[in-house]
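Working through the structure, step by step
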Amino acid sequence: DWRARRDSVGFAQAPVEARILGDDGAPLPAGQTGEIAVRGATVMLGYWNRPEATAETIVDGWLHTGDLGRLDADGFLTLTDRSKDVIISGGTNIYPREVEEALLLHPAVHEVSVIGTPDPEWGETVVAFVVAAPGAACDQPMLDDWCRSQIAAFKRPKRYVFTDTLPKNSYGKVLKTELRQQLAPARQTPGDHVHEREETI
């Protein structure tokens, strides 16, 4: 099964255990996606002088990482996303990483970051911030057609924001908090172009 495991991060090494937890905190069977929890001698004991944060993060000896993933039957772990970044639209979980990976396959896309924004009807809708590849033409109809061929219709972005750069920290990680702030009312970064389509399932 090496092809199926190319995206995995391997399996837990001694003396660490890993499990996948559902929303109720119960372990999930192999193949199902949930929050990754770990325990073992190398796992932190808690936060310094922050007992409440420790109690929220470490439950019955298991550290709740905030990362989402799944284990296969042989214990190989595949990371899916961050739990706080999951978009819940129409009662369905949408993982930004899946949408990002689909868009990054398009040759006109250089960088992309996907977030959810509040929506009165759907709960949240999918928004994609896109940096076009140098010299490439990139627009909403093109990417919408591309997503239609790559992922389920309900996962497609409803809005595209085309921008020159994505905000990042010193490690090169995209700051999704800043992207959410850009979508706040009356805040649109100069030079960004927003495209919105009608929602069709």
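Above this text sits the structure in question.
Here's a quick rundown of the structure. All values derive from a computational prediction rather than experimental measurement.

1. Side note on the pairing of strand β4 (residues 62-71)
- Here 4 bridges tie strand β2 (residues 34-40) to β4, and the two strands are oriented antiparallel to one another. Across the sheet, the residue bridging to Gly-34 is Gly-69, located in β4.
- Here 2 bridges tie strand β3 (residues 58-59) to β4, and the two strands are oriented antiparallel to one another. Its bridge partner being in β4, Ile-58 is matched across the sheet by Leu-63.
- Hairpin remark: β3 followed by β4, antiparallel, with 2 residues in the connecting loop; positive phi at Asp-60, about 55°.
- Sheet topology note: the β4/strand β5 (residues 77-82) ladder contains 5 bridges and is antiparallel. The residue of β5 that forms the bridge with Arg-70 is Thr-78.
- Connecting β4 to the antiparallel partner β5 that follows it, the hairpin turn spans 5 residues, and Gly-75 within it adopts a positive phi of roughly 90°.

2. Some thoughts on the pattern of salt bridges
- Under the definition given, this model contains 11 salt bridges.
- Taking the shortest distance from any N to any O, the salt bridge between Glu-98 and Lys-155 comes out at 3.0 Å. Within this pair, whereas Glu-98 is found in helix α2 (residues 96-104), its partner Lys-155 is found in the loop between α3 (140-150) and β10 (159-162), the two being separated by 57 residues in sequence.
- In this structure Glu-98 comes out as partly exposed when scored by relative accessible area, which is 30%.
- It is possible to trace a salt-bridge network through shared partners that takes in Asp-144, Asp-145, Arg-148 and Arg-156.

The rules behind each value
- Residues numbered from 1 in each chain as written.
- Predicted model: local features only at pLDDT ≥ 70, side-chain atom pairs only at ≥ 80, totals over all residues.
- Heavy atoms only, no water.
- Pairing = 2+ DSSP bridges.
- Helix = DSSP H or I, 4+ residues; strand = E, 2+ residues; numbered from the N terminus.
- Salt bridge = Lys/Arg side-chain N within 4 Å of Asp/Glu carboxyl O.
- Buried < 20%, exposed > 50% of the residue type's maximum accessible area, 1.4 Å probe, protein only.

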